[in-house]
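Survey of secondary and tertiary structure
As a plain string of letters, each chain reads:
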Amino acid sequence: CGVAHAVAMVNGTAALEVALRVAGVEPNTEVLLPSLTFVATPNAVSHLNAVPHFVDVNEQTLGIDPAALRLHLQRVGESKAGQLFNRETGRPISAIVPVHVFGHPVAMDELLEIAASFGIAVIEDAAEALGSQYKARQCAAIGLLGAVSFNGNKIITTGGGGAVLTNDPNLAAMARHLST
Ligand SMILES: *Cc1c(COP(=O)(O)O)cnc(C)c1O
């Protein structure tokens, strides 16, 4: 995928959980997820005692719709001291997980821009998109971290397995520490 670090995990769900954790997702914060995904994505959030916050998808990419997301965050989001909050629940919104469903790349440029403007981390769920490219970049290599799966139904399989991908050496070291 052209990333500096790939850290082996027991499966894709654990890869997502570890990626979210090293990205700074704390318990009782919300993580933005597409409403169309495999249950592992919200499970990884729940395993950290964080809360899935589903947003709508786009019928072309099948992934998070940037225009709908921007409107949604303008409506429910509130920035206080550089931290985004959900004004309906009072909880911080800590991260967003674009999912490249069925190998279709999400509109990453738009999502990265929205995430940067609201100060939230981007973790790609590329469990179904190993080998997919978005504007000549590999899926899983575009966000702060990416998660892939090597489960039996995936593109490359080890029976069960996964990996966290990142260019950040400190996040890779933390992921390696947590996984072992
Ligand atoms: C398969 C899959 C996962 C989880 O991978 P496992 O290795 O089965 O834990 C996560 N997200 C998506 C979108 C998947 O398809």
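Described in the following lines is the structure provided in the data block.

Rules of the game
Residues numbered from 1 in each chain as written. Predicted model: local features only at pLDDT ≥ 70, side-chain atom pairs only at ≥ 80, totals over all residues. Heavy atoms only, no water. 1 Å grid on protein atoms, 1.4 Å probe; cavity = no way out; pocket = protein on both sides within 12 Å on 5 of 7 lines; lining within 4 Å. Points joined across faces, edges and corners; volume = space filled by probe spheres on them. Helix = DSSP H or I, 4+ residues; strand = E, 2+ residues; numbered from the N terminus. Nonpolar A, V, L, I, M, F, W, Y, C, P; charged D, E, K, R; others polar. Core = buried A, V, L, I, M, F, W, Y, C linked by side-chain atoms within 4.5 Å. Buried < 20%, exposed > 50% of the residue type's maximum accessible area, 1.4 Å probe, protein only. Contact = heavy atoms within 4.5 Å. Near = heavy atom within 4 Å. Areas by Shrake-Rupley, 256 points an atom, 1.4 Å probe, with all protein chains shown as cover. Polar contact = N/O pair within 3.5 Å; in protein donor to acceptor, adjacent residues only side chain to side chain. Phe/Tyr/Trp six-rings, centres within 6.5 Å; stacked < 30°, edge-to-face > 60°. Lys NZ or Arg CZ within 6 Å of the ring centre and 35° of its normal. Pairing = 2+ DSSP bridges. Axes fitted to C-alpha atoms, helices over the stretch in contact; angles between N-to-C directions.

Quick notes on the layout of surface pockets
- Considered as a void within the structure, the largest pocket measures approximately 190 Å³ in volume.
- Among the secondary structure elements, those contributing two or more residues to the lining of the largest pocket are helix H1 (12-22) and helix H2 (40-47).
- Here the element with the most residues in the lining of the largest pocket is H1; it accounts for three residues.
- Residue composition of the lining of the largest pocket, by class: six nonpolar, nine polar and three charged.

Some remarks on the nonpolar core
- Core analysis: the biggest nonpolar cluster contains 28 residues, and Leu20, Val31, Val97, Ile123, Leu145 and Val164 have the highest contact counts within it.
- Within the residue set of this core, elements represented by two or more residues are strand S1 (5-9), H1, strand S2 (30-34), H2, strand S7 (121-125), strand S10 (145-149) and helix H5 (169-179).
- Beyond its immediate sequence surroundings of up to four residues, isoleucine 123 is in contact with Leu16, Ala19, Leu20, Ala23, Ala95, Ile96, Val97, Pro98 and Leu145.
- Among the nonpolar cores identified, the runner-up in size contains 18 residues, and Leu69, Ala115, Ile120 and Ile142 belong to it.

Notes on the site of the ligand
- The environment of the ligand is made up of 15 residues, and the closest members are Thr13, Asp125, Glu128, Ser149 and Lys154.
- Out of a free accessible area of 380 Å², the ligand has 93% covered by protein chains.

Thoughts on the side chain of threonine 41
- Turning to its location among the elements, threonine 41 is positioned in helix H2.
- Among the polar contacts made by the side chain of threonine 41, one reaches the side chain of aspartate 125 at a distance of 3.0 Å.
- Here threonine 41 is in contact with Leu16, Leu33, Val97, Val99 and Asp125, once residues within four sequence places are set aside.

Examining the packing of aromatic side chains
- Per the counting criterion, the structure on display carries zero aromatic pairs.
- Above the ring of phenylalanine 85, the side-chain terminus of lysine 80 is found at 4.6 Å from the ring centroid.
- Residue placement shows lysine 154 over the ring face of phenylalanine 38; its charged tip is 5.7 Å from the ring centre.

Observations concerning unusual backbone geometry
- We note that phenylalanine 102 has phi near 55°; this positive angle belongs to a residue other than glycine.
- Its relative accessible area of 62% is what places phenylalanine 102 among the exposed residues.
- Phi at alanine 136 takes a positive value of approximately 70°, unusual for a residue other than glycine.
- Here alanine 136 lies in the loop between strand S8 (133-134) and strand S9 (137-138).
- Looking at alanine 136, the relative accessible area reads 68%, which means it is exposed.

Let's talk about the sheet that holds S10
- Here we have seven strands laid out as an open sheet, ordered S1-S11-S10-S7-S6-S2-S3, and mixed in their pairing. On the outer flanks of this sheet lie S1 and strand S3 (51-55), each paired with one strand and no other. Neighbour-to-neighbour, the strand axes of the sheet open up by a mean angle of 30°, direction not taken into account.
- Where S2 lies against strand S6 (residues 93-96), three bridges are found, and the strand directions are parallel. Bridge assignment links leucine 32 to a residue of S6, and that residue is isoleucine 96.
- The sheet contacts of helix H3 (residues 66-76) involve S2, S3 and S6, and relative to S3 the element is tilted by about 125°.

Things to note about the environment of leucine 32
- Tracing the sequence through the fold places leucine 32 in strand S2.
- When residues no more than four places from it in sequence are discounted, the contact partners of leucine 32 are His53, Val55, Leu69, Leu73, Ile93, Ala95, Ile96, Val97 and Ile120.

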